[in-house]
Amino acid sequence: MKNKSIKIGKNELCPCGSGKKYKNCCRNKKKEVSIKDEYKNRYDIILKTPEQVAGIKKSGELLISIMERVEKMIKPGLKTDDINTFVHEETKKAGGVSAPLHYRGFPKSVCVSINEVICHGIPGERFLQDGDIVNVDLTPILNGYYADASKTFFVGTPGRDAQKIVSVAAESLKRGIEIVAPGTTLGDIGYAIQSYAEGQACSVVREFVGHGVGIDFHEQPQVLHFGSPGKGLPLVEGMVFTIEPMINLGKKELHILEDRWTAVTNDMSLSAQFEQTILVTKDGYESLTPYEL
Ligand code: MF3
Ligand code: CO
Ligand code: CO
């Protein structure tokens with residue numbers, strides 16, 4: 001049977017009995033629900049409820065507290081596996097789980113990527129050396145909620161190339177984050193990053209992208225770190241995703257090592273990355289894994 005729904009005028013009293021005008025009451029809720037359904041059904045994007053945001057934020061707080069303590073450990077002579085042990089134990093102590101462990105066969109609890117390693121470096125017997133740059137990428141799950149962020153650190157005293165690539169990578173993330181707001185498109189984010197990084201004569205890795213996150217490790221949408229202004233999906237309030245540009249000092253091409261994880265620049269140039277988990281708010285953004293860039 002056809003449902004002949006009755007149309008309620010926007011200035012009429014809301015049928016919910018609140019005493020407010022329909023336009024100031026449930027009419028908005030109906031709109032929100034339909035955006036939520038549209039993003040889920042058309043794009044498979046889960047817009048987060050305030051409760052879910054609060055959960056992801058708690059996970060982000062744990063992430064940042066571990067990241068700050070990892071930062072203090074970083075010095076020449078530290079074994080990368082010691083970072084793994086620390087992250088694994090501290091996550092567990094806080095009641096969380098490290099998402100990377102056994103994720104699609106990844107053997108450790110954290111990614112540790114040194115110098116020409118772009119991402120997904122596996123901690124092991126390698127020792128940090130003076131002048132290295134090292135990215136540490138953390139993804140705790142706390143009460144079922146995922147937060148994902150990474151930072152690239154200097155080991156000892158950085159050379160000029162190390163300083164340059166780390167500074168360009170940090171600024172790339174900053175520029176991607178700063179424009180996040182309802183109405184900004186995914187292409188705007190990609191363009192902000194690509195135009196800046198390439199303007200600094202660096203290159204943007206194409207094979208790995210940011211992603212929706214929170215209920216799962218890798219959700220929709222994919223967040224490309226290259227693109228054109230105005231193209232791609234418009235952001236809406238309640239979206240939670242990472243931005244995580246990988247920037248190379250040389251060319252963008254890469255290869256994967258025999259371990260099937262470690263991604264390395266083909267020209268062996270330095271690569272740096274910064275990543276945060278970002279919430280789209282009513283009039284902008286909030287980082288759920290905040291640190292200074
Ligand atoms: N944390 C990475 C990201 O930013 C993903 C690592 S997957 C792993 O998406 F299996 F290598 F841990
Ligand atoms: Co990520
Ligand atoms: Co990550």
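Per chain, the residues get numbers from 1 upward, laid out in the order the sequence is written. Working convention: letters from A go to chains and numbers from 1 go to ligands, in the order in which they are written. Where local features are concerned, this predicted model is filtered to residues with pLDDT of at least 70; where side-chain atom pairs are given and counted, the filter is 80 or more; whole-chain, interface and lining totals use all residues. Each side-chain value is derived from all of the structure's non-hydrogen atoms; neither hydrogens nor water enter the calculation.

1. Topic: the sheet that holds strand S5 (residues 140–142)
- The strand order across the open sheet built from 3 strands is S1-S5-S6, with neighbouring strands paired in antiparallel fashion. Edge strands, defined here as strands with exactly one partner in the open sheet, are strand S1 (97–98) and strand S6 (145–146).
- The pairing criterion is simple: DSSP has to find at least two bridges between the two strands. Labels follow the DSSP assignment, with helices taken as runs of H or I lasting at least four residues and strands as runs of E lasting at least two, numbered in each case from the N terminus. The pairing of S5 with S6 spans 2 bridges and is classified as antiparallel. Residue pairing for S6: Ile141 is matched across the bridge by Tyr146.

2. A look at the nonpolar core
- With 56 residues, the main nonpolar core has Ile189, Met239, Phe241, Ile243 and Ile247 as its most contacted residues.
- The biggest single contributor to this core is helix H4 (residues 160–178), with 8 residues.
- Any pair of residues with heavy atoms lying within 4.5 Å of one another is described as a contacting pair. Beyond its immediate chain neighbours, meaning those up to four positions away, Ile247 contacts Ile165, Val168, Ala169, Ser172, Ile193, Ala197, Cys202, Ser203, Val204, Leu270, Ser271 and Ala272.
- Residue types Ala, Val, Leu, Ile, Met, Phe, Trp, Tyr and Cys, when buried and joined through side-chain atoms within 4.5 Å, form a set referred to as a nonpolar core. Relative accessibility under 20% of the residue-type maximum defines a buried residue, over 50% an exposed one, and the middle range a partly exposed one, all with a 1.4 Å probe and only protein chains included. Core analysis: the second largest hydrophobic core is formed by 10 residues, Val53, Ile56, Leu279 and Leu288 among them.

3. Description of the coordination of the cobalt ion (ligand 2)
- Metal donors: N, O and S atoms at distances within 2.8 Å, or within 3.2 Å for Na, K and Ca, with water omitted from the atom set so that some sites may seem incomplete. On the protein side, the cobalt ion (ligand 2) has Asp148 (OD), His211 (NE2), Glu244 (OE) and Glu275 (OE) as donor atoms, found 2.0 to 2.2 Å from it.
- Because the angles between the 6 donor atoms bound to the cobalt ion (ligand 2) fall within 52 to 163°, the donor set is best described as irregular.
- Sequence positions of the residues that donate to the cobalt ion (ligand 2) give the spacing D-x62-H-x32-E-x30-E.
- The metal-metal distance between the cobalt ion (ligand 2) and the cobalt ion (ligand 3) is 3.3 Å, with Asp148 coordinating both. Placement of Asp148 in the loop between S6 and strand S7 (149–154) and of His211 in strand S9 (residues 210–212) is noted, with a sequence separation of 63 residues between them. The rule is simple: four donors are tetrahedral if all their angles sit between 85 and 135 degrees, four are square planar and six octahedral if opposite donors span more than 155 degrees and the others lie between 65 and 115, and anything that fits none of that is irregular.

4. Re the packing of aromatic side chains
- Only centres within 6.5 Å qualify two rings of Phe, Tyr or Trp (six-membered ring in Trp) as a pair; their planes then separate them into stacked at under 30 degrees, edge-to-face at over 60, and tilted for everything else. This model, assessed by the stated rule, comprises 4 aromatic pairs.
- Relative to Phe217, the ring of Tyr103 lies with its centre 4.7 Å away and its plane at 50°, an arrangement referred to as tilted. Of this pair, Tyr103 sits in the loop between S1 and strand S2 (111–114) while Phe217 sits in the loop between S9 and strand S10 (219–223), placing them 114 residues apart in sequence.
- On the basis of relative accessibility, which here comes to 23%, the residue Tyr103 falls in the partly exposed class.
- A relative accessible area of 8% means that Phe217 is categorised as buried.
- Pairwise contacts between aromatic rings join Tyr103, Tyr146 and Phe217 into one cluster.
- The ring centre of Tyr291 lies 4.8 Å from the NZ or CZ of Lys151, which sits over that ring.
- Charge-over-ring contacts are defined here by two conditions on Lys NZ or Arg CZ: a distance within 6 Å of the ring centre and an angle within 35 degrees of the ring normal. Its end group placed over the ring of Phe226, Arg206 keeps NZ or CZ at 4.6 Å from the ring centre.

Fair warning: the whole summary comes from geometry, so function is off the table for now.
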